[in-house]
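Okay, here's what each chain looks like letter by letter:
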Amino acid sequence: MLRAAAAAAAVFPARFTAAPAVAAAEELRSPLLRVLGTLRGGRGSVLLGRRARFCSNSSASDSEAAAEAEAKAEDAAVAEGEADGKASSAIVPTNPKIEDYLSVVALPLPHRPLFPGFYMPVYVKDQKLLQALIENRKRQASYAGAFLVKDEEGTDPNIVTGSDSEKSIDDLKGKDLLKRLHEVGTLAQITSIQGDQVVLLGHRRLRITDMVEEDPLTVKVDHLKENPYNKDDDVIKATSFEVISTLREVLRASSLWKDHVQTYTQHIGDFNYPRLADFGAAISGANKLLCQEVLEELDVYKRLKLTLELVKKEMEISKLQQSIAKAIEEKISGDQRRYLLNEQLKAIKKELGLETDDKTALSAKFRERIESKKDKCPPHVLQVIEEELTKLQLLEASSSEFNVTRNYLDWLTVLPWGNYSDENFDVHHAQKILDEDHYGLSDVKERILEFIAVGKLRGTSQGKIICLSGPPGVGKTSIGRSIARALNRQFYRFSVGGLADVAEIKGHRRTYVGAMPGKMVQCLKSVGTANPLVLIDEIDKLGRGHSGDPASALLELLDPEQNVNFLDHYLDVPIDLSKVLFVCTANVIEMIPNPLLDRMEIIAIAGYITDEKMHIARDYLEKNTREACGIKPEQVEVTDAALLALIENYCREAGVRNLQKQIEKIYRKIALQLVRQGVSNEPDKEDLSVTANVEPSSGDGAIAKDEILKDSAVEDASVTNNGINPPSEEANEVNLAKEAVHEVHTTETPKEDSISEGKDTDGAKEDAVDKAIEKVVVDSSNLGDFVGKPVFQAERIYEQTPIGVVMGLAWTAMGGSTLYIETTKVEEGEGKGALVLTGQLGDVMKESAQIAQTVGRAILLEKEPDNQFFANSKLHLHVPAGATPKDGPSAGCTMITSMLSLAMGKPVKKDLAMTGEVTLTGRILPIGGVKEKTIAARRSGIKTLIFPAANKRDFDELASNVKEGLEVHFVDTYSEIYDLAFQSDAGTETS
């Protein structure tokens, strides 16, 4: 605001005339002006001897006589004022006089009050108020009342709230606006109006007494004068001197207010005590309410005291400003000095040959990298590197192109050009590693061994693209790491599930900011060899976005004919990926685009049967989980019955991931149970120190050392017991028994017997520990205490399927399952033949039901010509469970059998399940998921299975333990199924 005032003073100059000052008035003001005069750089002595008079008439044709007459009139007014003991205003009265303005237009000030002698520009948005001000100025009554606006209730005046308050003030009229204005304001002269900007010059204080007009708000006012005071009062003098001293410090620190001293004296007169207080409050950056308090104060001493507080705060702010400026200046100058010194040091070292510049050092680093690979690096890559190194020397280090070239050279030189890891072509070694890590998966292992055998005969190996497909949790991802270990190749994995950007595969163009190569180039840099095993996970879940189709970008990467010269957008030089072994994983291969699927060798991994899950749980999952939980084998026993119940009632899915979670849950609860008993398997510090001092002299000694570390002692549980229960004799006895454990395990090896003596009582101590800590046994009877209630119930609903119900076999992404086809008659009447389908069936399955009705009608006509069941019966076919979506053609033969069972009133053979697609002529077509469906049938206790004849080859490939105990029939037509399903019990037994 004060800057604006200074600007306004420069824009709207007034004409001043000088006259000799009254001697008495000069004597009165001389103490203040002598001190304050030093603030204006020597010009104060000139200003102190004369008084400036404000002239309202700014015409250039004023005569000297008129000026003298005005001066005489003002001198008379000043003399009269001094006779009354009051300070003169030094403002030339106009016609009418200022004192005659008893009603003025109220002008709201939103931010700060206006002090006498200061300019303030105000933006008036109320057009009616602006028009009234213009009219007053035309009538030579260019005065208005400037009043500060009060803050709304509940708001903090120190918080900036934006322009909302100004908008609300502009909307107020009449009494509402009057309530929001402070009573004490300033009589302001309107010096100019430009658009909606009104420039005001403050003259004297006013107090609102009444409202005259509502719009625009016009109020009655009283002109306020300072209370009488003693100008010789020592307290007032001392306070004023302190104000002047503080103002001197403020004005010395900030040149912003120096010109205001002269401007203020020109328009309001020389300084006296009241005006000094006004000046100090006006130039301070204090809160508007504090400034309003100074404006309302008529007691001169109190006003000086309030002003002194404000200028003291202003001085502290000035000091803080100086310290901030000094700190920033020192920091900038220090950085500049350090920069100059560093540049000089670089120049000196360069002249002396002690150091090369950055570009030379970078070039040397890149050349050193590529030197060891020159023999193996392709010539076209070497040529690009040389060109880029030459380009790097010509670029300025500060240019953006320099950084692009440097990063490009960094990637080019760090790649393993022609660097291949030595592969292990030992088939027996590979077989051992694969069997160590995974049980089953014979197809995958056989394919990897074939790959190794071919490499053994050729002396080198080529890259292949293998896709492992199967349900979740069957070991697709983990087998990739085992294959890399068996082949002695580096392993790199990245997932493309949800990938929607081609640049992740092919890289970005170097023109983009933050450009990077694709995943394959990052892979080669990470592994450091050109023949790693790359596992591409979730290839069936590729996305597609605005950045292109990643599946199409993978065509070049996964094509053995094209990846010899794989071109990354960032490197822009061909890379040989023909030695890379790609292993992809997918859950559903139907989701993979056909061109991409055509480039991969598919190995289907079906779900594990119960027997396989038992081996995996016992040999892999339980062992790893026990070690991860810190539990020793002798502390817990999980029976085979418990594992079998866990697999059949909790973990029926094809994979073993959920089985692993359940086993972890069991061992976590066992760990908590052991800790509550006071067991701790942490190695004792004394045992560790003794073991460290013992150096085994042979392999047996090393084994003994491992056993010592493995069978570490049990810590004393007295701390835990004391923290929970008060000590007792029984607790102390238990603690004494457990303390003996520290010495129990030291007798397990001969080496320890030779170190320590006097341990003949170890057997008794072990018995004491066994009594204190009982072994945790998990059986099928207490399995629910560890993993809760069984999740799955028996899939078999009927022991003997009733009429109209037949068991079918289904394939799901989680493995195989059995399902029932149920058919019942809704109503019967001539010509009412119809079919209603329920059970969330898909379009293909609905079509299968229609085909089944047609084929069943033909079969019934052949077997029982007089039976008009299909023509006169409305049928309802349902496939439970109703909440599970189902689709596919393989339930066709099951639907026909269900309808015929209802039509003839005969139940089907006991323990029978079937699957197969049926054509309208009754032919049985092949289906998929033979292994999964066979496993599901075994789980449900089915003895007889019917498969399409074309699936005999798939069934023969199954393991013998899967086929054991099953009577399987392979059929070509539905007539064969009819004979099997509806034969007599005697015929079944004979068969």
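Right, let's walk through the structure included here. (Residues numbered from 1 in each chain as written. Predicted model: local features only at pLDDT ≥ 70, side-chain atom pairs only at ≥ 80, totals over all residues. Heavy atoms only, no water.)

1. Focus: the sheet that holds strand β9 (residues 465-469)
Consideration 1: One open sheet accounts for five strands, arranged β10-β11-β14-β9-β15; its pairing is parallel. Each end of this open sheet is capped by a strand with a single partner; those strands are β10 (491-495) and β15 (601-604). Averaged over neighbouring strand pairs, the angle between their axes works out to 20 degrees when direction is ignored.
Consideration 2: The pairing of β9 with strand β14 (residues 581-586) spans five bridges and is parallel. Bridge pairing in β14 places Cys-467 opposite Cys-584.
Consideration 3: Sheet strands in contact with helix α17 (residues 442-458) are β9, β14 and β15, and its direction is about 145 degrees off that of β15. (Pairing = 2+ DSSP bridges. Helix = DSSP H or I, 4+ residues; strand = E, 2+ residues; numbered from the N terminus. Axes fitted to C-alpha atoms, helices over the stretch in contact; angles between N-to-C directions. Contact = heavy atoms within 4.5 Å.)

2. Overview of the packing of aromatic side chains
Consideration 1: For the coordinates displayed, the defined rule picks out seven aromatic pairs.
Consideration 2: Ring geometry for Tyr-408 versus Tyr-570: centroids 6.1 Å apart, planes at 75 degrees, classification edge-to-face. Taken together, the residues Tyr-408 in helix α15 (residues 400-414) and Tyr-570 in the loop between β12 (566-567) and β13 (574-575) connect sequence positions 162 residues apart.
Consideration 3: Judged by centre distance (6.3 Å) and plane angle (50 degrees), the ring pair of Tyr-492 and Phe-494 falls under tilted. The same class applies to Tyr-492 as to Phe-494, namely buried.
Consideration 4: Cluster of aromatic residues (ring-pair linked, three or more members): Phe-947, Phe-955 and Phe-970.
Consideration 5: Here Arg-510 stacks its cationic end above the ring of Tyr-408, 3.8 Å away from the centre of that ring.
Consideration 6: We note Lys-525 situated over the ring of Trp-411; from NZ or CZ to the ring centre the distance is 4.3 Å. (Phe/Tyr/Trp six-rings, centres within 6.5 Å; stacked < 30°, edge-to-face > 60°. Buried < 20%, exposed > 50% of the residue type's maximum accessible area, 1.4 Å probe, protein only. Lys NZ or Arg CZ within 6 Å of the ring centre and 35° of its normal.)

3. Points about helix α39 (residues 974-981)
Consideration 1: What α39 keeps buried is the set Tyr-974, Ile-977, Tyr-978, Leu-980 and Ala-981. For α39, the buried positions fall inside an angular range of 170 degrees around the axis, keeping them on one side.
Consideration 2: Buried positions along α39 lie against α33 (843-863), α35 (892-904), β22 (912-914), β24 (924-925), β25 (944-948) and β26 (967-971). (Arc of directions from axis to C-beta.)

4. Describing a nonpolar patch on the surface
Consideration 1: Taken together, the side chains of Leu-320, Ile-324, Ile-328 and Ile-332 define a hydrophobic patch exposed on the protein surface, amounting to about 370 Å² of accessible area.
Consideration 2: Considering the arrangement of structural elements, one finds Ile-328 in helix α12 (residues 300-352).
Consideration 3: Overall, the relative accessible area of 47% leaves Ile-328 in the partly exposed class. (Patch = residues over 30% accessible without salt bridge, like charges linked within 9 Å, V, L, I, M, F, W, Y side chains within 5 Å. Areas by Shrake-Rupley, 256 points an atom, 1.4 Å probe, with all protein chains shown as cover. Salt bridge = Lys/Arg side-chain N within 4 Å of Asp/Glu carboxyl O.)

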